[in-house]
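# Descriptive structure summary
Spelled out from the first residue to the last, the chains are:
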Amino acid sequence: MVELTVDGKKVSVPEGSFVMHAATELGLYVPHFCYHKKLSIAANCRMCLVEVEKAPKALPACATPVAEGMVVHTKSPKALAAQQAVMEFLLINHPLDCPICDQGGECQLQDLAVGYGHDASNYKEEKRVVFHKSMGPLISAEEMTRCIHCTRCVRFGQEIGGVMELGMVHRGEHAEITSYLGEAVSSELSGNMIDLCPVGALTSKPFRYQARTWELARRRSVSPHDSVGSNIVVQVKNERVLRVVPFENEAVNECWISDKDRFSYEGLYAEDRLTTPMVKSDDGVWRETSWEDALVAATDLLIKANEQQGVGSIGAFAAEYATLEEMSLLSKLIRGLGSDHIDSRLRLGDENIDKALEGTPWLGMPIAELNTLDGVLIVDSNLRQDHPLFAQRLRQAAKAGARIVLLDSNGEDPLFPVAARLTVAPSQLCAAIDSIGKAIAKLQEGAEVDENDQFSQIANILISGTKPAVFMGNGVLSKSSASNVLAHSHVLAQALEAPLGYLTRGANHVGACVAGAAPQNGGMNAAQMMKNPLSAYVVLHAESLDFDDPIRARELFAQASTIALTSYASDAKQWAKVMLPVGPFTETSGTFINAEGRAQSFKGVVPALGNSRPAWKVLRVIGNLLKLADFDAESSEAIRDVVLAQNYTGQFNNQVKAEPYNPNVAVNAFERVANMPIYRSDAVVRRAPALQQQTPKLVAGLNAATMAALEVEEGDQVLVKSNRGEVVLPVKLQNQLVDNTVSVPLGYEQTAVLGGALVQLSVEKV
């Protein structure tokens, strides 16, 4: 530790710290623009100049290392004169357009100009003008004349986002921030540049000219779109969500959120938003009705199903972004009707998965520990698409020296250096894990191994770490061989003495298990229910595109008495008998349990739209009408407290009961590499216009060898067929794929006709 004095106060900070850190430790504010605690030091705005005794001139606090006995003055006449001079230079070319700037009222430059600026300018020459830049549908760079060249956005892209999408061209007052070759900014974390910009140069394009900052009410919430559980601030005007920004929580999302968290709010007010209960008549016509009549119709369907088909004829599905309280009441409802057929793992591919799991799967460690790992194996994860903030933490670990190994079928670029990568066909995943495990066993026994063997190289990387971990990605549970993949991975993790963790899907995968939204006493899981039709279903928040096989889901639901508790009408109209309008997360209170097992509760930030209601209230009333027990809670908090009183963390267990085996897989067709694009993951995100503009064009990905065999070139049309349907798609070269695999994304209506993620395909030139 180094002791120094700042503004007459003594403080001790670690060796290697800077004066800015010492001032922050004392709670002293030093004006700055380019400095940010999560970014590297640039020292190019010079606003943080301070006086250091015995130094000949003022020094930047952000870039001046502390020294024993150093004496610093942040507000002495010399320091203030330097800061005021810098402010005068920064304002030379800055336009006086605060009244029309979206940043007005929350602008760092405005705030510091009041404290350090002059009431008149000495500059009489012409101001420079920078023409606007096009950076895509999310970030507005219409007024780049405002830019003060702090380079926060540039450093964010390189250091946090993992890709240099922005940079500076020219020099001096002609310097400009611009995107690479004029391309759109496409990083899944790009919206954080808006927060980082200390002026109004980079602003939110969907929010542009929607409101002034002082008109917005700010309400805390939790994002429902992935298993990080990012803390957010939802900003509201006239009871309508207009903007979402991060709320800093170092243990969860630090000070970042993904673009999916930030811009998905547009989907809350989609044209097909359901605001009135609807019941389908016997002649197939949808009619609006009262809540009383709709609830009676829904309960009648459930009662008739039990009477006509017997107990156990009803199933339930919940989307993984349903709240803990909603899932708890849904599980009580189904079990109160005598059934145990309930699941929230809508893309589950293995019917036997529950026999393989010992307890509730979770990350296996706090999220913050991801930064500290030094040897990681990630199995079958589309990391940046599924978990952008987990990817960001692992990016920081890689920069610190962690050796990360990726084993998957999609070959996605994680935007950080990997120690090794093994891309295999989906059917070869188990064999690859088994080969790595055998190589680890050989190395640990001291046997000679082939140094040129890729499995031995990976094994050597993994056993060299002092803090290793093995993580299962979202793709694992979609496999029909998921139990076997988990069994092989468990054996491998035990050999490494490493924790086995799950990068879980959805905001509440862990919460669903805690709330009982999974079969417990021999009931059918999602994979089994897809094969065994039931007479009635209750579907909470889910749409057919949320299932592994959307067409099959629609067929099952349409043939049964299906009740949809949904925020949107368009999909449920195809298969439901009763549609009950329920609010999304912004219109209800509830709890999400994230991947690390952290329960985070939130309140509704806006009133229910139209005649919709919180889903937990709707389920409670249905339970009352059916005269079931334990449906008398008056608040979501009361439901939550009952669920969490069970010592729910004691259920967390990543042990695998299944025994690994080596399957004989015969593949005579193309294997589908089925990724879920980041902006197609749930109903709200799919309806956000700006995010859909950011979604890449739907293509069939093939490697060069496969393209040559099919005699196609990039841009040609190919016919992709399964035993369920066919679709024509343009070809895109994706050389990271292995031979005889074709990448066809999930989550699109066009590709739903092919069936699930594991379907075998044929591909031919059109």
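Residues numbered from 1 in each chain as written. Predicted model: local features only at pLDDT ≥ 70, side-chain atom pairs only at ≥ 80, totals over all residues. Heavy atoms only, no water.

- The chain has the name NADH-quinone oxidoreductase in an unreviewed UniProt entry, where Oligella ureolytica is given as its organism.
- UniProt, in its Function (unreviewed entry) section for the chain, records the words "NDH-1 shuttles electrons from NADH, via FMN and iron-sulfur (Fe-S) centers, to quinones in the respiratory chain. Couples the redox reaction to proton translocation (for every two electrons transferred, four hydrogen ions are translocated across the cytoplasmic membrane), and thus conserves the redox energy in a proton gradient." (UniProt positions renumbered as here; feature names shortened; annotations may be inferred.)

### Notes on the overall build of the chain
- Across its full length, the chain holds 24 helices and 33 strands.
- Taken over C-alpha atoms, the radius of gyration comes to 28 Å for the chain, in line with the 27 Å a tight globule of 766 residues would show.
- In terms of overall dimensions, the chain has C-alpha extents of about 90 × 70 × 55 Å along its principal axes.
- Looking at the 766 residues of the chain, the share that counts as buried comes to 61%.
- The long-range share in the chain, meaning contacts at least 24 apart out of those at least 6 apart in sequence, stands at 71%.
- Per element, the accessible surface of the chain, about 30100 Å² overall, is 50% carbon and sulfur. (Helix = DSSP H or I, 4+ residues; strand = E, 2+ residues; numbered from the N terminus. Rg over C-alpha atoms; globule rule 2.2 N^0.38 Å. Buried < 20%, exposed > 50% of the residue type's maximum accessible area, 1.4 Å probe, protein only. Contact = heavy atoms within 4.5 Å. Areas by Shrake-Rupley, 256 points an atom, 1.4 Å probe, with all protein chains shown as cover.)

### What to know about unusual backbone geometry
- Despite not being glycine, D7 shows a phi value in the positive range, around 50°.
- As for its position among the elements, D7 is in the loop between β1 (2–6) and β2 (9–13).
- Classification of D7 as partly exposed rests on a relative accessible area of 27%.
- Here E711, not a glycine, exhibits a phi torsion of approximately 60°, which is positive.
- Tracing the sequence through the fold places E711 in the loop between α23 (704–710) and β30 (717–721).

### Examining the UniProt feature "domain: 4Fe-4S Mo/W bis-MGD-type" (unreviewed entry) in the chain
- This chain's UniProt record puts "domain: 4Fe-4S Mo/W bis-MGD-type" (unreviewed entry) on residues 216–272.
- Along residues 216–272 the backbone is 9% helical and 35% strand, and the end-to-end C-alpha distance reaches 26 Å.

### Here's the deal with the sheet that holds strand β7 (residues 139–141)
- Read across the open sheet, the three strands follow the order β6-β7-β10; overall the sheet is antiparallel. Strands at the two margins of the open sheet, each flanked by one partner only, are β6 (133–134) and β10 (203–204).
- Sheet topology places β6 next to β7; two bridges connect them, and they run antiparallel. When the sheet's bridge partners are listed, K133 is paired in β7 with A141. (Pairing = 2+ DSSP bridges.)

### Structural notes on the packing of aromatic side chains
- For the structure shown, the criterion picks out 10 aromatic pairs.
- Taking the centre distance of 5.5 Å and the plane angle of 70° together, the rings of F547 and F557 count as edge-to-face. Highlighted residues: F547 in the loop between β23 (536–540) and α18 (550–559) and F557 in helix α18, separated in sequence by 10 residues.
- For F557, a relative accessible area of 0% gives the class buried.
- Ring centres of F592 and F602 lie 5.0 Å apart, and the angle between their planes is 40°; on these two criteria the pair is classed as tilted. In this pair, F592 is assigned in strand β26 (residues 590–593) and F602 in strand β27 (residues 599–602), connecting sequence segments 10 residues apart. One exposure class covers both F592 and F602, and it is buried.
- The rings of F317, Y537, F547, F557 and W575 are connected pair by pair, giving a single aromatic cluster.
- A cation over an aromatic ring shows up here: R680 above the ring of Y748, its NZ or CZ 4.7 Å from the ring centre.
- Between the NZ or CZ atom of R687 and the centre of the ring of Y568, over which it lies, the distance is 4.0 Å. (Phe/Tyr/Trp six-rings, centres within 6.5 Å; stacked < 30°, edge-to-face > 60°. Lys NZ or Arg CZ within 6 Å of the ring centre and 35° of its normal.)

### Here's the deal with the UniProt feature "domain: 4Fe-4S His(Cys)3-ligated-type" (unreviewed entry) in the chain
- Using the residue numbers shown here, the UniProt feature "domain: 4Fe-4S His(Cys)3-ligated-type" (unreviewed entry) corresponds to residues 78–117.
- Taken end to end, residues 78–117 comprises 55% helix and 0% strand; its first and last C-alpha atoms sit 15 Å apart.

### A closer look at the pairing of β26
- Residues of β26 alternate between two faces, with G590 and F592 on one and T591 and I593 on the opposite face, all of them buried.
- Of the strand pairs in this sheet, β26 and β27 are connected by four bridges, and their pairing is antiparallel. By the bridge assignment, T591 is partnered in β27 with S601.
- Counted along the chain from β26 to the antiparallel partner β27, the turn is five residues long, and its residue G597 has a positive phi close to 85°.

### Things to note about the sheet that holds strand β16 (residues 314–318)
- Sheet architecture is open: seven strands sit in the order β15-β14-β25-β24-β23-β16-β17, paired in mixed fashion. The outermost strands of the open sheet, each flanked by one partner alone, are β15 (286–288) and β17 (341–343). On average, each strand axis in the sheet is tilted by 15° relative to the strand beside it, whichever way the strands run.
- For β23 and strand β24 (residues 561–566), the ladder comprises five bridges, and the chain directions are parallel. For V539, the partnering residue across the bridge sits in β24 and is A564.
- Of the strands in this sheet, β16, β17 and β23 are in contact with helix α8 (residues 324–336), which crosses β16 at around 175°. (Axes fitted to C-alpha atoms, helices over the stretch in contact; angles between N-to-C directions.)

### Structural notes on the nonpolar core
- Judged by nonpolar contacts, the single largest core of 89 residues is most densely connected at V241, F317, L407 and F557.
- No fewer than three residues from each of domain 2 (278–347 + 508–651) and domain 3 (367–502) sit in this core.
- Look past the residues within four positions of L407 in its chain and what remains in contact with it is L377, I378, V379, D380, L422, V424, L429, A432, I433 and I436.
- Counting 72 residues, the second-largest nonpolar core is a separate cluster that includes Y116, L166, A402 and L503. (Core = buried A, V, L, I, M, F, W, Y, C linked by side-chain atoms within 4.5 Å. Domains from an automatic or database assignment.)

### Quick notes on the side chain of S722
- Relative to the helices and strands, S722 is located in the loop between β30 and β31 (726–733).
- At a separation of 3.0 Å, a polar atom in the side chain of S722 contacts the main-chain amide nitrogen of R724.
- Only 2.7 Å separates the side chain of S722 from the backbone oxygen of L754, close enough to count as a polar contact.
- Look past the residues within four positions of S722 in its chain and what remains in contact with it is V753, L754, V759, Q760 and L761. (Polar contact = N/O pair within 3.5 Å; in protein donor to acceptor, adjacent residues only side chain to side chain.)

### Here's the deal with the pairing of β1
- Along β1, four of the five residues are buried, which leaves the element largely enclosed by surrounding structure.
- Two strands pair when backbone bridges link them, and β1 and β2 are joined in this way by five bridges, in the antiparallel orientation. From the neighbouring strand, L4 faces β2, where its bridge partner is V11.
- Following β1, the chain reverses through two residues before pairing antiparallel with β2; D7 in that reversal takes a positive phi of roughly 50°.
- Sheet analysis places β1 next to strand β5 (residues 71–73), joined by two bridges and oriented parallel. Across the sheet, residue T5 finds its bridge partner in β5, namely V71.

### Some details on the packing of α8 against helix α20 (residues 636–644)
- At a minimum axis distance of 9 Å, the contact between α8 and α20 shows a crossing angle of 75°. By the criterion of interaxial angle, the relationship of α8 to α20 is roughly perpendicular. Residues L324, E325, S328 and L329 of α8 lie in contact with α20, whose contacting residues are S636, I639, R640, V643 and L644.
- Here the contact of α8 with α20 is composed, by residue class, of five nonpolar, two polar and two charged. (Parallel < 35°, antiparallel > 145°, perpendicular 65-115°, else oblique. Nonpolar A, V, L, I, M, F, W, Y, C, P; charged D, E, K, R; others polar.)

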